[in-house]
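Fold and contact review
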Amino acid sequence: MSILLAPSHNGDNSKTNDLVYIEHPDQLMSHPELIEKLPKEYLLKLSPYQLEQFWECLSNKLKEDSDLQERRPCYEHYNRPEDEIHIDGPAPPKYRCYVCQANKKVYDT
Ligand SMILES: [Zn+2]
């Protein structure tokens, strides 16, 4: 999943800047200044784990986006001691977490 991103350039939009070609999301870990420039469409394609890695670098506008919030992994309800099913592997995103979804229905009504 690749993307071209323009690095920050001190507010001067008239200059053309070298674009940074990101071939794999992991490369963004060494370009934290580019993470806040990621469009929502790109973030939605990341795995929950990758999204969580970038979360603190995102703009507040994106952090408040419910589509993105739902894609963060749910560690809160993940392999709790009372759960009958133990999940091997990464935590599921909140939109696939049955506890989160059940809570959501309560708030919706
Ligand atoms: Zn949950």
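Refer to the structure presented above.
Residues numbered from 1 in each chain as written. Predicted model: local features only at pLDDT ≥ 70, side-chain atom pairs only at ≥ 80, totals over all residues.

**Observations regarding the overall build of the chain**
Defined as follows: Helix numbers and strand numbers start at the N terminus; a helix is a DSSP run of H or I with at least 4 residues, a strand a run of E with at least 2. Exposure classes come from backbone-placed C-beta atoms, where a residue is buried if 20 or more other C-beta atoms lie within 10 Å of its own, exposed if 12 or fewer do, and partly exposed in between. Each residue is represented by a C-beta atom placed from its backbone, and any two residues with such atoms within 7 Å are regarded as in contact.
Tallying secondary structure elements over the chain gives 6 helices and 2 strands in all. The secondary structure elements of the chain, listed N-terminal to C-terminal, are β-β-α-α-α-α-α-α. Looking at the 109 residues of the chain, the share that counts as buried comes to 9%. Residue pairs at least 24 apart in sequence account for 32% of intrachain contacts in the chain once pairs closer than 6 positions are excluded.

**Let's talk about the nonpolar core**
The nonpolar side chains of soluble globular proteins are, as a tendency, buried together. Here is the rule: Throughout this description, the term nonpolar core refers to a group of buried Ala, Val, Leu, Ile, Met, Phe, Trp, Tyr and Cys residues whose C-beta atoms join them within 7 Å.
Residues Leu 28, Ile 35, Leu 38, Leu 43 and Leu 51 constitute the largest nonpolar core, which totals 5 residues. Among all residues touching Leu 43, those that are not within four sequence positions of it are Leu 38, Leu 51, Leu 62 and Leu 68.

**Observations concerning the environment of Met 1**
Its location among the elements puts Met 1 in the segment before β1 (3-5). The class for Met 1 is exposed, based on 10 C-beta atoms found within 10 Å. Once the C-alpha coordinates of Met 1 and Lys 45 are considered, the two residues, 44 residues apart in sequence, prove to be 8.4 Å apart. Once residues within four sequence positions are removed from consideration, Met 1 is found in contact with Pro 25 and Lys 45.

**A short note on unusual backbone geometry**
Despite not being glycine, Asn 79 shows a phi value in the positive range, around 50 degrees. The topology assignment puts Asn 79 in the loop between α5 (66-71) and α6 (98-108).

**Considering the environment of Leu 46**
Relative to the helices and strands, Leu 46 resides in the loop between α2 (40-45) and α3 (48-54). A residue is classified by how many C-beta atoms lie within 10 Å of it, and Leu 46, with 18 of them, is partly exposed. In this structure, the C-alpha to C-alpha distance between Leu 46 and Pro 25, residues 21 residues apart in sequence, is 7.8 Å. For Leu 46, the contacting residues outside a window of four places in its chain are Pro 25 and Leu 51.

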